[in-house]
Amino acid sequence: MDGRQMSAAGCDDADEFINEYEAECQCEFIDPRFLATTALDSNHAALDYFYQSPFYQKYREGSLNELMRAGTEVDSQQVGLIFQVTYSNLNDVNEALANLPPLDEPARIQHYCNSTLFHITLFSRNLGQNGLTTTPIKVYYIIQGSIFLCPPFGSLLRHRLHESIQHFENFYDTLNDIVKWSSSHGYVWEPKKKILDPQIEMLCNKYNFKENEDENFIKDGNMHIFYLKPHESAAMRISQHEIKVLSKKLAELQELTMENTVSIGTPRSQESNETQTS
């Protein structure tokens, strides 16, 4: 009984950790003031920028980076949590920058902000049976000045499984719509009759198109609308016809508006003339 309770508690802790991890993946940090004054042109600058983020503040107290920021020397054998830059594209950015005309300092800062990419990994250093073991815990990205957490593999796997199950359910619903079962015949396939889309049928009848005879424009009960390209002669003819129809309607509306204006203004003019005569 106690063992089962402990295992259940362990599962709850694991679920809580996963939910917290996925919630952190939805966060993004950017500091425009820092990026406007400091170029991300080195690993040290990238770490200085990362220190401003809430991702670092969460582990600040137990981080070896705080000792290094205070000027304390940290060797490779010291135990604790440490953030390190594990990848950057600075070589490519510097090479591209060397081929450009000289830039002033604001333009140079903006260039590095938009072009650089950094991976910052959180490592855990612990003493094991065979000595010091270094385990990567989380990976953070800095892309165009934005800092965010790389999603865990478990989250990606659950997302893919969810998409696969959803596609399978849609596939099952489609099959369920076209199959019937009876005790005498078992399963019988009765696909929906292929029908022509009403909008396509209207266009074909109005402009004497032949697309209604093409199988590509016939679909199983779903909306399937085709659009003519503007440079096609048929499309130009349709546009000209529609413009003429709209112009005719607009002229009729203008004429009706003028008639209403005259009919409303005539009594007033007559009243004014009668007043002047009296």
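Provided above is the structure to which this section pertains.
The rules behind these values
Residues numbered from 1 in each chain as written. Predicted model: local features only at pLDDT ≥ 70, side-chain atom pairs only at ≥ 80, totals over all residues. Heavy atoms only, no water. Helix = DSSP H or I, 4+ residues; strand = E, 2+ residues; numbered from the N terminus. Buried < 20%, exposed > 50% of the residue type's maximum accessible area, 1.4 Å probe, protein only. Contact = heavy atoms within 4.5 Å. Areas by Shrake-Rupley, 256 points an atom, 1.4 Å probe, with all protein chains shown as cover. Arc of directions from axis to C-beta. Pairing = 2+ DSSP bridges. Patch = residues over 30% accessible without salt bridge, like charges linked within 9 Å, V, L, I, M, F, W, Y side chains within 5 Å. Salt bridge = Lys/Arg side-chain N within 4 Å of Asp/Glu carboxyl O. Core = buried A, V, L, I, M, F, W, Y, C linked by side-chain atoms within 4.5 Å. Phe/Tyr/Trp six-rings, centres within 6.5 Å; stacked < 30°, edge-to-face > 60°. Polar contact = N/O pair within 3.5 Å; in protein donor to acceptor, adjacent residues only side chain to side chain.

Chemist: Would you explain the overall build of the protein chain in this entry?
Modeler: The helix and strand tally for the protein chain stands at ten helices and nine strands. A burial count over the protein chain gives 23% of its 278 residues as buried. Partitioning the contacts of the protein chain with sequence separation of at least 6, the portion at a separation of at least 24 is 57%. As displayed, the protein chain has an accessible area near 20500 Å², and 55% of this comes from carbon and sulfur atoms.

Chemist: Would you take a moment to explain helix α6 (residues 90-98) for this structure?
Modeler: Structurally, the α-helix is built with 3.6 residues per turn, so residues lying three or four positions apart point the same way. Along α6, the residues classified as buried are L90, V93 and L97. Take α6 and look down its axis: the buried residues cluster within an arc of 65°, on one side only. Every exposed residue of α6 that faces more than 90 degrees away from the buried side is listed here: N91, D92, E95 and A98.

Chemist: Just to check I follow, could you spell out the pairing of strand β7 (residues 186-189) for this structure?
Modeler: For a regular strand, side chains alternate in direction, first toward one face of the sheet and then toward the other. Sheet analysis places strand β6 (residues 179-182) next to β7, joined by four bridges and oriented antiparallel. Paired with K180 across the strands is V188, a residue of β7. With antiparallel pairing between neighbouring strands as the criterion, β6 and β7 make up a hairpin whose turn holds three residues.

Chemist: What should I look at first to understand the sheet that holds strand β2 (residues 80-88) in this one?
Modeler: The strands that make up a sheet are held in pairs by hydrogen bonds between backbone atoms, and each pair lies either parallel or antiparallel. The strand order β1-β5-β4-β3-β2 describes an open sheet built from five strands, whose pairing is antiparallel. Each end of this open sheet is capped by a strand with a single partner; those strands are β1 (28-29) and β2.

Chemist: Mind showing me how you'd approach the environment of Y140 here?
Modeler: You can see Y140 is positioned in strand β4 (residues 131-143). The buried category is assigned to Y140, whose relative accessible area is 0%. For Y140 and P151, which are eleven residues apart along the polypeptide, the C-alpha to C-alpha distance reads 9.1 Å. Leaving out residues up to four positions away in the same chain, Y140 has contacts with E24, F50, F55, Y59, F83, F118, H119, I120, L122, F148, L149 and C150.

Chemist: When you look at the side chain of S63 in this model, what are you seeing that I'm missing?
Modeler: Within the secondary structure, S63 is located in the loop between α4 (54-57) and α5 (64-69). S63 sits in the buried class, given a relative accessible area of 4%. Those residues in contact with S63 that sit more than four places away from it in its chain are Y56, L81 and F83.

Chemist: Help me understand a nonpolar patch on the surface in this model?
Modeler: A surface patch of nonpolar side chains, amounting to about 430 Å² of accessible area, comprises F153, L157, L161 and I165. With respect to the element layout, L161 can be found in helix α8 (residues 153-177).

Chemist: Got a minute to help me understand the nonpolar core in this structure?
Modeler: Side chains of a nonpolar character, in soluble globular proteins, are inclined to be buried together. In this structure, Y49, F50, F83, I120, Y140 and I142 are the most contacted members of the largest nonpolar core, which totals 28 residues. Top contributing element to this core by residue count: helix α3 (residues 43-50), with four residues. What F50 contacts, discounting residues up to four positions off in sequence, is F55, Y56, F83, I120, Y140 and I147.

Chemist: Just checking my understanding: could you explain the pattern of salt bridges for this structure?
Modeler: It is possible for side chains of opposite charge to pair when their charged atoms get near one another. Evaluated as defined, the whole model comprises four salt bridges. In this structure, D41 engages R108 in a salt bridge whose closest nitrogen and oxygen atoms are separated by 2.9 Å. In this pair, D41 is assigned in the loop between α2 (32-37) and α3 and R108 in helix α7 (residues 105-115), connecting sequence segments 67 residues apart. By relative accessible area, D41 is classed as partly exposed at 29%. Taking the shortest distance from any N to any O, the salt bridge between R60 and E66 comes out at 3.4 Å.

Chemist: Looking at this model, I keep getting lost on the packing of aromatic side chains. Mind explaining?
Modeler: The description of two aromatic rings rests on the distance between their centres and on the angle between their planes. Applying the stated criterion across every chain yields a total of eleven aromatic pairs. Their ring planes at 50° and their centres at 6.2 Å tell us that F83 and Y140 sit as a pair that is tilted. On the criterion of sequence distance, the pair formed by F83 in strand β2 and Y140 in strand β4 is long-range, its members being 57 residues apart. With a relative accessible area of 1%, F83 lands in the buried category.

Chemist: How do you make sense of the side chain of T116 when you look at a structure like this?
Modeler: Locating T116 in the fold gives a position in the loop between α7 and β3 (117-128). Side-chain polar atoms of T116 contact the backbone oxygen of Y112, separated by 2.5 Å. For T116, the residues in contact, after removing those within four places along its chain, are L40, N89, L90, V93, I142, I143 and Q144.

Chemist: Even after reading the chapter, I still don't get the environment of F118, so can you show me in this structure?
Modeler: Assignment of secondary structure puts F118 in strand β3. Using a relative accessible area of 0% as the deciding quantity, one classes F118 as buried. As for F118 and Q144, which are separated by 26 residues in sequence, their C-alpha atoms are 9.6 Å apart. Discounting chain neighbours no more than four positions away, the residues touching F118 are L40, S42, N43, A46, V85, Y87, S88, L90, Y140, Y141 and I142.

Any functional reading would require information beyond the geometric quantities listed.
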